[in-house]
Amino acid sequence: MSKIDDITMRVRARLHELCIKLWLPPYYEGTIGADEFEIENLADQFSGILGIPKSDCTLALIELQENAIRKSKARAEFATTGVATFNVRRVNNRRGTESIVEVKCPLTSLGGVLQKNIAKILDIDEPDRIKCISAGKILDPCQSLTDQGIKNNQQLMLIISEASKKEQMQGFVVHDRIQKIKQDVETIVDSNSHLFELEDQDSNAVLLPPAENRAILIAMGICERARVAIKRERYDEALILLLEADKKFIICNSKFLECVDNYALLNLDIVWCYLCLQNVTQLPDAQRRLEICEKNFRRTYGENLQRLVYHKGETFCEQALIMRLHLLQGAVLFHQNKRSEAYEKFLIAENELRALKVNENSMEALVEMGYEPYEARLGLRACGGDIEQAITYIHAQNQKLNETRSGSLKKRRLNQDLSLGNQNKNWVSPSSVCTLIEMGYPSNLVEQALLDSKNDLNIALDLLQNYTDELRRKLSSDYTVDARIMQQLLQLGFEESHVRIALQMSPNNLENAIDILIKYHTDCEDLSSFVKRMTAIANEENIPSTSNGLTSLAEKIAKKATKEIESLNAFVRFKEELSDNELDYLDLSLAQEEQILEQYKLLIKIYAQLLLYCNSCSYEQEEKGEKVI
């Protein structure tokens, strides 16, 4: 936060306290303009009360007056012409606020028109490189400003995609990279290979209906890449990715969001980006997101983290997230000029930070023993810095992770089988299927009972106990492999055993059977050879007349396999910059947090000293019978 921003904030707060309106007499006359004498007089008074140099007070008052007059004129213009005025703050990843410009556009216009107007003012050739952010949402270029809730005199945050020298040589900008990331994530999620799968904090499989599963997987995939951008301090790119992920999260109605911390982390990361970009125009959105985050943490971790203590026995890993939350809450309160409340939050954050710091020598000792840095840091935090206990903790965590993964494998495989066709109305919960099968009921009856009960476990159990005959009648009586389909697939070169299994699992659904058969080819090289073989069959001119359908079928299979190759390649690109550490989101060094905390503490200390000085001056004035404003 710059010195002038702090001064302006404090002067504004004082004006509000005294109900002084700088756009009205005696400070401003419509026909004459600003009264410099009154402004100077007010600056002199504020300087003594606030402990700010008079010249700085004067500049702040002039800026606030000009902003107020500008908004007044913008309201009048909007009332007569319908043209809205926006105060657009352009932020830079390294310099914070780079420039502030005024842009005009009718609210009936599309977001794309506003982008073009901004591009013209800033002399930017490609309006698509511009991302406007309002109230925590990226403006949609294809939707009207009114429909997006944009209002006259609204402040907008502006991020313009820029490229590094290397990217410029390759013809890439941030906008292109973000688009590519989104496309890759969607391609991966839509793959039949289940390259992305949901897990809770304990690595248990989380199995949802296909539509919800897809939305959340895309959101979480984008968040992973956003976290990479944050680690590389590309906060502009990270913010755009996080807001894109937010769109996916908020359309999901699943209770999944209530039982895991992913959505809380998303909101926490968004506010972290606001802070690192030094942007205060999004304060209302920052406050809202931190409230969501705190509420979600309480629901997930329990009050005072007692749920974490019950399940894990310790809380220090997650405590790093809580520390960042308190730091951000303090920063938001500070920028709202609530210094006392901010100071309390900073004290809490400072105490938490002190407890979370680990000894660098202990870290180095564990790394020299062969442990990863993140294992060393999290282990030491969990065990109060004791190296021997940290080693025991690390091994226990790894063993627990392996056991949980092994236990989830059965459910994952079953979920893949049950999700054939990707139809939400036919989705059954794999967890419930496993539970009922373990109770001794046949799998086919279990699936039918869960379909009829809409995945209500108790109702499904009642159906299995009391209405078995009705369930059997609903089941298809013919599970015989379709000889015609089988013959077609055999002619294309598939192995008979694989074809038989695929048709039984489908059952006898050609599209789904093809998806299963393609899964037998597990890497890009194998799939490429397979595509060449199918393409050759599709282009074969000497196919017998009795097999005319084979060419089109081979072509369809080749397209599906090609799509799987694209998915695998997208997955490779996606993983390139990701850490292998699955607890990466908890592995915060807290060095940057400590630096930011010290900056705010210094500002509050200076403010407190000035306040003490000003109170002393006010007391002396009162003793002399002088009036204090």
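Residues numbered from 1 in each chain as written. Predicted model: local features only at pLDDT ≥ 70, side-chain atom pairs only at ≥ 80, totals over all residues. Heavy atoms only, no water.

Caption draft 1: Summary view of the nonpolar core. Within the largest apolar cluster, 87 residues are counted, with the highest numbers of intra-cluster contacts made by Leu239, Trp272, Phe297 and Leu321. Those residues in contact with leucine 321, other than ones at most four positions away along the chain, are Leu265, Leu268, Phe297, Tyr301, Tyr585, Leu586 and Leu588. Counting residues in hydrophobic clusters, the runner-up holds 27 residues, among them Leu492, Leu503, Leu527 and Leu568. (Core = buried A, V, L, I, M, F, W, Y, C linked by side-chain atoms within 4.5 Å. Buried < 20%, exposed > 50% of the residue type's maximum accessible area, 1.4 Å probe, protein only. Contact = heavy atoms within 4.5 Å.)

Caption draft 2: Highlighting the side chain of serine 144. Among the structural elements, serine 144 can be located in the loop between strand S6 (137-138) and strand S7 (155-160). Filtering out sequence-adjacent residues up to four positions away, serine 144 remains in contact with Leu107, Thr108, Ser109 and Leu110. (Helix = DSSP H or I, 4+ residues; strand = E, 2+ residues; numbered from the N terminus.)

Caption draft 3: Up close: the packing of aromatic side chains. This structure, assessed with the given rule, holds 4 aromatic pairs. Considering the side-chain rings of phenylalanine 249 and tyrosine 263, the 5.4 Å spacing of their centres and the 55° angle between planes classify their relative orientation as tilted. With phenylalanine 249 in helix H8 (residues 235-250) and tyrosine 263 in helix H10 (residues 262-276), this residue pair connects regions lying 14 residues apart in the sequence. Tyrosine 263 carries the same exposure label as phenylalanine 249, and that label is buried. Ring geometry for phenylalanine 494 against phenylalanine 530: centres 5.6 Å apart, planes inclined by 55°, an arrangement best described as tilted. With phenylalanine 494 in the loop between helix H22 (483-491) and helix H23 (496-505) and phenylalanine 530 in helix H25 (residues 524-539), this residue pair connects regions lying 36 residues apart in the sequence. Overall, the relative accessible area of 8% leaves phenylalanine 494 in the buried class. (Phe/Tyr/Trp six-rings, centres within 6.5 Å; stacked < 30°, edge-to-face > 60°.)

Caption draft 4: Up close: unusual backbone geometry. Residue proline 26 is reached from proline 25 by a cis peptide bond, and omega for that bond is 10°. Here proline 26 lies in the loop between helix H1 (3-18) and strand S1 (28-29). Phi is positive for asparagine 153, close to 65°, though the residue is something other than glycine. As for its position among the elements, asparagine 153 is in the loop between S6 and S7. Accessibility expressed as a relative area gives 15% for asparagine 153, which makes it buried. For asparagine 337, which is not a glycine, the phi torsion comes out positive at approximately 65°. Structurally, asparagine 337 can be placed in the loop between helix H13 (316-335) and helix H14 (339-356). A relative accessible area of 22% places asparagine 337 in the partly exposed class.

Caption draft 5: Expanded view of the pattern of salt bridges. Under the criterion given, the structure shown has 28 salt bridges. Residue glutamate 350 is joined to arginine 354 by a salt bridge in which the shortest nitrogen-to-oxygen separation is 4.0 Å. Linking glutamate 350 with arginine 354, this pair stays in helix H14, spanning 4 residues, or about one helical turn. The exposed category is assigned to arginine 354, whose relative accessible area is 52%. (Salt bridge = Lys/Arg side-chain N within 4 Å of Asp/Glu carboxyl O.)

Caption draft 6: Expanded view of the packing of H10 against helix H11 (residues 283-301). Between H10 and H11, the shortest axis-to-axis distance is 8 Å and the interhelical angle comes to 150°. Taken together, the axes of H10 and H11 are roughly antiparallel relative to one another. Considering how the two elements wind past one another, H10 and H11 form a crossing that is left-handed. Seen from H10, the contacting residues are Tyr263, Ala264, Leu265, Asn267, Leu268, Ile270, Val271 and Tyr274; seen from H11, they are Asp285, Ala286, Arg289, Leu290, Ile292, Cys293, Asn296 and Phe297. Grouping the amino acids of the contact of H10 with H11 by side-chain chemistry returns 12 nonpolar, 2 polar and 2 charged. (Axes fitted to C-alpha atoms, helices over the stretch in contact; angles between N-to-C directions. Parallel < 35°, antiparallel > 145°, perpendicular 65-115°, else oblique. Left-handed = near helix turned anticlockwise from the far one by under 90°. Nonpolar A, V, L, I, M, F, W, Y, C, P; charged D, E, K, R; others polar.)

Caption draft 7: Spatial organisation of the pairing of strand S5 (residues 130-134). Within S5, 5 of the 5 residues are buried, leaving the element largely enclosed by the surrounding structure. The alternating pattern of S5 places Ile130, Cys132 and Ser134 and Lys131 and Ile133 on opposite faces, both of which are buried. Where S5 lies against S7, 4 bridges are found, and the strand directions are antiparallel. Note that in S7 the partner of isoleucine 130 across the bridge is isoleucine 160. Strand direction decides the pairing type here: S5 and S6, joined by 2 bridges, are antiparallel. Looking at S6, one finds that serine 134 is bridged to lysine 137. Counting the residues between successive antiparallel strands, the hairpin from S5 to S6 contains 2 residues, one of them, alanine 135, with a positive phi of roughly 50°. (Pairing = 2+ DSSP bridges.)

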